[in-house]
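Residues per chain are reported as follows:
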Amino acid sequence: MSGGGAGLPPDLAAVRALPKVDLHCHLDGAVRPATLLETARAGGVPLPADTVDALLPHVRVSPACRSLDDFLATFETFYPVLSVPGVMGRAARELLLDAADDGVVHVEARFCPDLQATPQRPAEDVVLEVLEGLARGSAESGVSYGAIVCAYRPFTVEANERMVDLALAFAGKGVVGVDLAGPESLPGAPFARALERAREGGLPVTIHAGEAAGPESVREALDVLGARRIGHGCAIARDEALLARVRDEAVPLECCVTSNLQTQAVASLDVHPFDAFRRAGLAVTLNTDDPAVSGVTLSDEYLLAARTWGLSLDDLRALALAAVDAAFLDDAARAALRRRVGAPS
Ligand code: ADE
Ligand code: ZN
């Protein structure tokens, strides 16, 4: 197989053939542009363009993006489309079909149901629709999945408590964890009680931290919010003691390299801490974040890492296995996924 030997630089075909796991993928950032266009038309929702090519500059992050806030502003263009009944369910199914096409065998898809709820459409309907779409997509593609319900930093404590209640209502029925997403300029501490209830109810917590904010946001995630995993965590590189702690406590990091460059969480690839984390023995994983908004696949991210840091196909397989170890799965499902990822491709 080309690019398949240990030590050789892998090529795209070899990376696509490698069974991979995406632990950090926002469903709302993964909707096919063609689906946005088609469903907006059917639902009577205006979009700024009426062909896929013309729509792309509006729904993909712009080269002028300078921050996480700029990045998140991109979503506003198409959020009204996602509130149309049926769209999130369709997007969920297509996410797993697209994952299969990219050699991804397991996806944890995250979304904040309140972002798609309307006065006519309760958040519970959004969750039901997404879980149905994921189940259908999984049956058709063979890609396994877990859903992560996001609390959202700009929302009230009460609203995020409702998100956690919803997550708990669907625990064991497709929902496997809870996240806190959104602008990191807003504190996470107000949601400590809600996230504690998630944990008490058996749902592990991952927190977006150390992306736009500094090391203190990662400490808050670990100490106040009970994070089992950290989304991004770039800022850990700026704090030696924290880095040692994250290593010693084996806290998995959900790294998303392209997204980090686009949000300017990290100034350039040269200074991205991914490989420093890996070499220091941290439990790093590679993920997409928002594949449609960022214009990437998981294979793109693996290939970028391989080319930037000289990783072999064996190194990439080790990254995929690290994601298996970090996935929100029970023992039997983790063992099955490990066999799938560890098997020769
Ligand atoms: N929602 C979608 N992408 C996100 C990111 N990178 N950080 C925080 N919230 C998000
Ligand atoms: Zn994210």
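On a predicted model such as this, the values are computed, not experimentally measured, just so you know. (Residues numbered from 1 in each chain as written. Chains lettered and ligands numbered in written order. Predicted model: local features only at pLDDT ≥ 70, side-chain atom pairs only at ≥ 80, totals over all residues. Heavy atoms only, no water.)

Some details on the overall build of the chain
Short version of the rule: Strands here are runs of E lasting at least two residues and helices are runs of H or I lasting at least four, both read from the DSSP assignment and numbered beginning at the N terminus. Here's how the labels work: a residue is buried when its accessible area is under 20% of the maximum for its type, exposed when over 50%, partly exposed in between, all with a 1.4 Å probe on protein chains only. Contacts are assigned to residue pairs that have any heavy atoms within 4.5 Å of one another. Using the Shrake-Rupley algorithm and a 1.4 Å probe, accessible areas are obtained, with residue cover drawn only from the displayed protein chains.
Of the regular secondary structure elements, the chain holds 17 helices and eight strands. Overall, the C-alpha framework of the chain stretches about 55 × 45 × 45 Å when taken along its three principal axes. Put simply, the chain has 345 residues, and 56% of those count as buried. Taking the intrachain contacts of the chain between residues at least 6 apart in sequence as the baseline, contacts between residues at least 24 apart amount to 74%. Total accessible area on the chain stands at roughly 13,200 Å², and carbon and sulfur atoms take up 53% of it.

Some details on the confidence of the model for the chain
The condition that has to hold: The quantity known as pLDDT measures the predictor's confidence residue by residue, on a range of 0 to 100.
Taken over all residues, the pLDDT of the chain has a mean of 96, while the share at 70 or more is 97%. pLDDT under 50 marks residues 1-5. Its contacts with residues more than four places away, or in other chains, come to ten contacts.

Quick notes on the site of ligand 1
How we decide: A cutoff of 4 Å decides nearness: a residue is near a molecule or strand if any of its heavy atoms lies inside that distance of it. Nitrogen and oxygen atoms within 3.5 Å of one another constitute a polar contact, given that in protein one can donate a hydrogen and the other can accept it, and given that sequence-neighbouring residues count only through two side-chain atoms. Side-chain classes are defined by residue name, with Ala, Val, Leu, Ile, Met, Phe, Trp, Tyr, Cys and Pro counting as nonpolar, Asp, Glu, Lys and Arg as charged, and the others, Gly among them, as polar.
By nearness alone, every residue bordering ligand 1 is listed as His26, Leu68, Leu72, Phe75, Ala181, Gly182, His208, Glu211, His232, Asp289 and Asp290. Contacts to ligand 1 include His26, whose side-chain N or O atom sits 3.5 Å from a nitrogen atom. Here a nitrogen atom of ligand 1 sits 3.0 Å away from a polar atom, N or O, in the main chain of Gly182. The element that contributes the greatest number of residues to the shell around ligand 1 is helix 4 (residues 68-76), accounting for three residues. Of the residues assigned to the shell around ligand 1, the class counts are four nonpolar, four polar and three charged.

A closer look at the side chain of Arg121
Relative to the assigned elements, Arg121 resides in the loop between strand 2 (104-111) and helix 7 (123-141). Side chain to side chain, Arg121 and Glu129 meet in a polar contact 2.9 Å long. The contacts of Arg121, once residues within four sequence positions are left out, are Leu82, Ser83, Val84, Pro85, Gly86, Gln116, Val126 and Glu129.

Let's talk about the packing of aromatic side chains
To keep it simple, the criterion reads: Each Phe, Tyr or Trp ring, with Trp reduced to its six-membered ring, pairs with another whose centre is within 6.5 Å; inter-plane angles below 30 degrees give stacked pairs, above 60 give edge-to-face pairs, and intermediate values give tilted ones.
The full count for this structure, using the stated rule, is six aromatic pairs. For the pair Phe78 and Tyr79, a centre-to-centre distance of 6.0 Å together with 70 degrees between the ring planes defines the contact as edge-to-face. Among the aromatic residues, ring-to-ring pairing joins Phe71, Phe75, Phe78 and Tyr79 into one connected group.

Here's the deal with helix 17 (residues 331-342)
We apply this condition: To estimate how far a helix should extend, the number of its residues minus one is multiplied by 1.5 Å. Note: the arc covers the axis-to-C-beta directions of the helix.
When the terminal C-alpha atoms of helix 17 are compared, their 16 Å separation across twelve residues agrees well with the 16 Å that a helix rising 1.5 Å per residue should span. Inspection of helix 17 places Arg334, Leu337 and Val341 among the buried residues, and these make up the whole buried set. Buried positions in helix 17, seen along its axis, are confined to an arc of 65 degrees and lie on one side of it. Seen from the buried face of helix 17, the exposed residues on the opposite side, beyond 90 degrees, are Asp331, Ala332 and Arg339. Of the surrounding secondary structure, the elements contacted by the buried residues of helix 17 are strand 1 (20-26), strand 2, strand 3 (144-152) and helix 16 (313-326).

Quick notes on the coordination of the zinc ion (ligand 2)
So the rule is basically this: Here a donor is any nitrogen, oxygen or sulfur atom (N, O, S) within 2.8 Å of the metal, with 3.2 Å used for Na, K and Ca; water is not among the atoms considered, so some sites may look incomplete. Just to be clear on the cut-offs, tetrahedral is four donors with all angles between 85 and 135 degrees, square planar is four donors and octahedral six with opposite donors over 155 degrees apart and all others between 65 and 115, and anything else goes down as irregular.
Here the zinc ion (ligand 2) is held by the protein donor atoms His24 (NE2), His26 (NE2), His208 (NE2) and Asp289 (OD), which lie 2.0 to 2.2 Å from it. Because the angles between the four donor atoms bound to the zinc ion (ligand 2) fall within 86 to 167 degrees, the donor set is best described as irregular. The sequence motif formed by the donor residues of the zinc ion (ligand 2) is H-x1-H-x181-H-x80-D. Of the two residues, His24 is situated in strand 1 and His208 in strand 5 (residues 205-209); the sequence distance between them amounts to 184 residues.

Some thoughts on the side chain of Arg153
Which entries qualify depends on this criterion: All tallies of charge rest on Lys and Arg as positive and Asp and Glu as negative; His and the ends of each chain are not included. Any carboxyl oxygen of Asp or Glu within 4 Å of a side-chain nitrogen of Lys or Arg constitutes a salt bridge here.
With respect to the helices and strands, Arg153 occurs in the loop between strand 3 and helix 8 (157-169). The side chain of Arg153 is buried and forms no salt bridge, while Glu220, the nearest opposite charge, is found at 4.1 Å. Engagement of the side chain of Arg153 in a polar contact is seen with the backbone oxygen of His208, the distance being 2.7 Å. Filtering out sequence-adjacent residues up to four positions away, Arg153 remains in contact with Leu180, Ala181, Gly182, Pro183, Glu184, Leu186, Pro187, Gly188, Phe191, Ile207, His208 and Glu220.

Quick notes on unusual backbone geometry
For Gln264, which is not a glycine, the phi torsion comes out positive at approximately 60 degrees. Mapping Gln264 onto the fold places it in the loop between helix 12 (257-262) and helix 13 (274-279). Positive phi is not limited to glycine here, since Asp289 has a value of about 70 degrees. Structurally, Asp289 can be placed in the loop between strand 8 (284-286) and helix 14 (291-294).

What to know about the state of the cysteines
Cysteine pairs can be covalently joined through their sulfur atoms, and such a bond is termed a disulfide. Put simply, the test is: Two cysteine sulfur atoms form a disulfide, by the criterion used here, when they sit within 2.5 Å.
The tally for this structure, following the rule as stated, stands at zero disulfides. Here Cys65 stays free of any disulfide, with the sulfur of Cys234 as its closest cysteine sulfur at 14 Å. Free of any disulfide, Cys256 has its nearest cysteine sulfur in Cys255, 7.2 Å distant. With a relative accessible area of 0%, Cys256 lands in the buried category.

Re the packing of helix 6 (residues 87-101) against helix 7
Applied cut-off: Helix axes are fitted only over the stretch in contact, all axes being lines through C-alpha atoms; the angle between N-to-C directions runs from 0 to 180 degrees. Any angle that falls under 35 degrees is termed roughly parallel, while one over 145 is termed roughly antiparallel, one within 65 to 115 roughly perpendicular, and all others oblique. Each crossing is labelled by how the near helix is turned from the far one, with a counterclockwise turn of less than a right angle marking it left-handed and a clockwise turn marking it right-handed.
The N-to-C vectors of helix 6 and helix 7 enclose an angle of 30 degrees; their axes lie 7 Å apart at closest approach. In terms of orientation, helix 6 lies roughly parallel with respect to helix 7. Every pair of crossing elements has a handedness; the one defined by helix 6 and helix 7 is right-handed. Taking contact as the criterion, the partners of Val87, Met88, Gly89, Ala92, Arg93, Leu96, Leu97 and Ala100 in helix 6 are, on helix 7, Val126, Glu129, Val130, Gly133, Leu134, Arg136, Gly137, Ser138, Glu140 and Ser141. Residue classes in the contact of helix 6 with helix 7 are distributed as nine nonpolar, five polar and four charged.

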